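Chain residues, written in single-letter form:
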Amino acid sequence: QPVARPGIPMNRTSEPFSTLRSAARYVRQFRSKIFVVKLGGELLDDPQLRRNVCAQLAVLWSFSIPLVIVHGGGTGLDSLCETMGLPTEKVAGRRVTPPEVLEAAKMAFKGRLQMDLLADLEGAGVPTVGLSGLDGGLLRAEKRPPVMVDGQMVDFGLVGDVKAVDPALLKHLIAGGYVPVVAPFTADASGQVFNTNADTVAASLAQALGAEKLFFLLAVPGLLRDVKEPSSLVPFADLKDLAVLEGEGVVQGGMRPKVTAAKAALRGGVPAVHLVSGLGQDALLTEVFTNEGSGTMLVANGVPAEGGGA
């Protein structure tokens, strides 16, 4: 009678390797192709959720899929601002950033939030390097001028719009076997630091790196027709479909900057963008390694190709 190896439970299913064979197709398809993954603050603030996401990212990395991780931290910044008595104002899902809120963002994003994320990734066996858009001239930006949003003129304060990306440092780290973890700060030519929407940062990096996929990990299953009904998930959409959904008012709140960033990435040559739950035990892996997927897959046009959540 066979004896299980120490620490490895016996697999008694009738087809113990069927799942592995199925996943192997996608491993071959995506090996050495860069995935950019954006993590939201809801996932970073919960240690259990954060560790679960890091475990899934470790699986991707172990299959020789290069990763670049971009993190926000809006909920953590909201809490810090409340503690410090600072205003929290958002318009169309984007934060208004006066100077004092920028200082709080520096403390939140490049302090506890990034440190905890780096620690959990390292604990999962992923070698990481913590960065911001200032490192190595990665992201150049200009201060966003007052803009009209939903019929009102809005001054977003010290918020930067990305104007140029130099991915040389990221490519160097990836070639060395490291996973860059990027906080969403940018700077202009004079060295003025800006808060920049992390969704926008992720899309900009995905385009500059020629990424195969861009993922947004969310606190919801994906793009929902009804935000109160998880079963209303939109599994697949192209740019024409997105225009219709936006016209119907489906894209609201914090989903608006994500969809805007996704459209920019698709138009910039990224083959697919995925909106996936960060709450599910293996939602990210299901999206990558099964044809059915778990969230919403977005492409520029046409029908999805087989594989990777298509």
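Notes on the structure follow. (Residues numbered from 1 in each chain as written. Predicted model: local features only at pLDDT ≥ 70, side-chain atom pairs only at ≥ 80, totals over all residues. Heavy atoms only, no water.)

Quick word on the packing of aromatic side chains
Test applied: Each pair of aromatic rings taken from Phe, Tyr and Trp, with Trp reduced to its six-membered ring, is defined by centres within 6.5 Å and is described as stacked if the planes are under 30 degrees apart, edge-to-face if over 60, and tilted in the remaining cases. Residue exposure (1.4 Å probe, protein chains only): buried if accessible area is under 20% of the type maximum, exposed if over 50%, otherwise partly exposed. Helix numbers and strand numbers start at the N terminus; a helix is a DSSP run of H or I with at least 4 residues, a strand a run of E with at least 2. For a Lys NZ or an Arg CZ to count as sitting over a ring, it must be within 6 Å of the ring centre and within 35 degrees of the ring normal.
In this structure the tally under the stated criterion is four aromatic pairs. Ring geometry for Phe-30 versus Phe-35: centroids 5.5 Å apart, planes at 65°, classification edge-to-face. Phe-30 sits in the buried class, given a relative accessible area of 1%. Ring plane angle 85° and centroid distance 5.7 Å describe the contact between Phe-63 and Phe-289, whose orientation is recorded as edge-to-face. A residue pair is termed long-range when its members are at least 10 positions apart, and Phe-63 in the loop between helix 3 (47–62) and strand 2 (67–71) and Phe-289 in helix 10 (residues 283–289) qualify at 226 residues. The buried category is assigned to Phe-289, whose relative accessible area is 9%. Of the aromatic side chains, those joined through ring pairs into one cluster are Phe-30, Phe-35 and Phe-215. Note that Arg-144 overlies the ring of Phe-156, its terminal NZ or CZ placed 4.9 Å from the centroid.

Here we look at the packing of helix 3 against helix 5 (residues 99–123)
The cut-off we apply is this: Fitted lines through C-alpha atoms serve as axes, helices being fitted only where they are in contact, and the angles separating the N-to-C directions of these axes extend from 0 to 180 degrees. Oblique is the label for any angle not covered by the other classes, which are roughly parallel (under 35 degrees), roughly antiparallel (over 145) and roughly perpendicular (65 to 115). Here is the rule for handedness: rotate from the far helix to the near one, and if that takes an anticlockwise turn smaller than a right angle the crossing is left-handed, while a clockwise turn gives right-handed. Residues are treated as being in contact if the distance between any of their heavy atoms lies within 4.5 Å. When residue character is reported, Ala, Val, Leu, Ile, Met, Phe, Trp, Tyr, Cys and Pro are called nonpolar, Asp, Glu, Lys and Arg charged, and the others, Gly included, polar.
The N-to-C vectors of helix 3 and helix 5 enclose an angle of 50°; their axes lie 9 Å apart at closest approach. One way to sum up the angle between helix 3 and helix 5 is to call them oblique. In terms of crossing hand, the pair formed by helix 3 and helix 5 is right-handed. Residues Pro-47, Arg-50, Arg-51, Cys-54 and Leu-57 of helix 3 pack against Asp-116, Leu-117, Asp-120 and Leu-121 of helix 5. Split into classes, the residues belonging to the contact of helix 3 with helix 5 amount to five nonpolar, no polar and four charged.

Side note on the nonpolar core
For clarity, the cut-off: As used here, the term nonpolar core means buried Ala, Val, Leu, Ile, Met, Phe, Trp, Tyr and Cys residues forming a set that is joined through side-chain atoms within 4.5 Å.
If you look at the biggest cluster of nonpolar residues, it comprises 48 residues, and the most contacted ones within it are Leu-57 and Leu-60. Ranked by the residues each element gives to this core, the list is headed by helix 5, at 10 residues. Excluding residues that lie within four positions of it along the chain, Leu-57 makes contacts with Val-37, Leu-67, Ile-69, Leu-121 and Leu-284.

Concerning the layout of surface pockets
Spelled out, the test is: Only protein atoms enter the calculation, which uses a 1 Å grid: trapped sets of points that fit a 1.4 Å probe without letting it out are cavities, open sets showing protein on both sides within 12 Å along at least five of seven lines are pockets, and any residue with an atom within 4 Å of a point is a lining residue. Grid points are joined across faces, edges and corners, and a volume is the space filled by probe spheres set on the points.
Within this model, the largest pocket holds a volume of roughly 770 Å³. Considering the residues around the largest pocket, the lining is formed by 38 residues, among which Glu-42, Gly-93, Asp-199, Gly-254 and Lys-258 are closest to the centre. Looking at the lining of the largest pocket, the elements with two or more residues in it are helix 2 (41–44), helix 4 (74–84), strand 4 (94–95), helix 7 (198–209), strand 13 (213–218) and helix 9 (255–267).

What to know about the pattern of salt bridges
The line we're drawing: Salt bridge, as used here, is a side-chain nitrogen of Lys or Arg placed within 4 Å of a carboxyl oxygen of Asp or Glu.
A complete count under the given rule lists 13 salt bridges for this structure. For Lys-106, the salt bridge is made with Glu-103, and the minimal N-O distance between the two is 3.1 Å. Here Lys-106 and its partner Glu-103 are both found in helix 5, three residues apart, which amounts to about one turn of the helix. Where salt bridges share partners, they join Lys-38, Asp-199 and Lys-258 into one cluster.

Focus: the side chain of Glu-287
We count it as follows: N or O atoms within 3.5 Å of each other form a polar contact, as long as, within protein, one can give a hydrogen and the other can take it, and as long as residues adjacent in sequence are counted only when both atoms are side-chain atoms.
Tracing the backbone through its elements, the reader meets Glu-287 in helix 10. Separated by 2.8 Å, the side chain of Glu-287 and the backbone nitrogen of Gly-295 make a polar contact.

Some remarks on the packing of helix 8 (residues 239–247) against helix 9
Here helix 8 crosses helix 9 at 160°, and the two axes come no closer than 11 Å. One element, helix 8, and the other, helix 9, form an angle in the roughly antiparallel class. As helix 8 packs across helix 9, the resulting crossing turns out to be left-handed. Contact with helix 8, carried on its side by Leu-239, Leu-242 and Glu-246, involves Val-259, Lys-263, Leu-266 and Arg-267 of helix 9 and no other residues of that element. Here the contact of helix 8 with helix 9 is composed, by residue class, of four nonpolar, no polar and three charged.

Concerning the sheet that holds strand 10 (residues 179–183)
Just so we agree on the cut-off: For two strands to be treated as a pair, DSSP must find no fewer than two bridges joining them.
Strands sit in the order 5-10-2-1-13-15-16-14 across an open sheet of eight strands; the sheet is mixed. The open sheet terminates on both sides in strands that have one partner only, identified here as strand 5 (128–132) and strand 14 (236–237). Pairing of strand 1 (residues 35–39) with strand 13, which is carried by five bridges, proceeds in the parallel orientation. Bridging from a neighbouring strand, Phe-35 pairs with Lys-213 of strand 13. Packing of helix 5 onto the sheet brings it into contact with strand 1, strand 2, strand 5 and strand 10, and relative to strand 5 it is tilted by some 160°.

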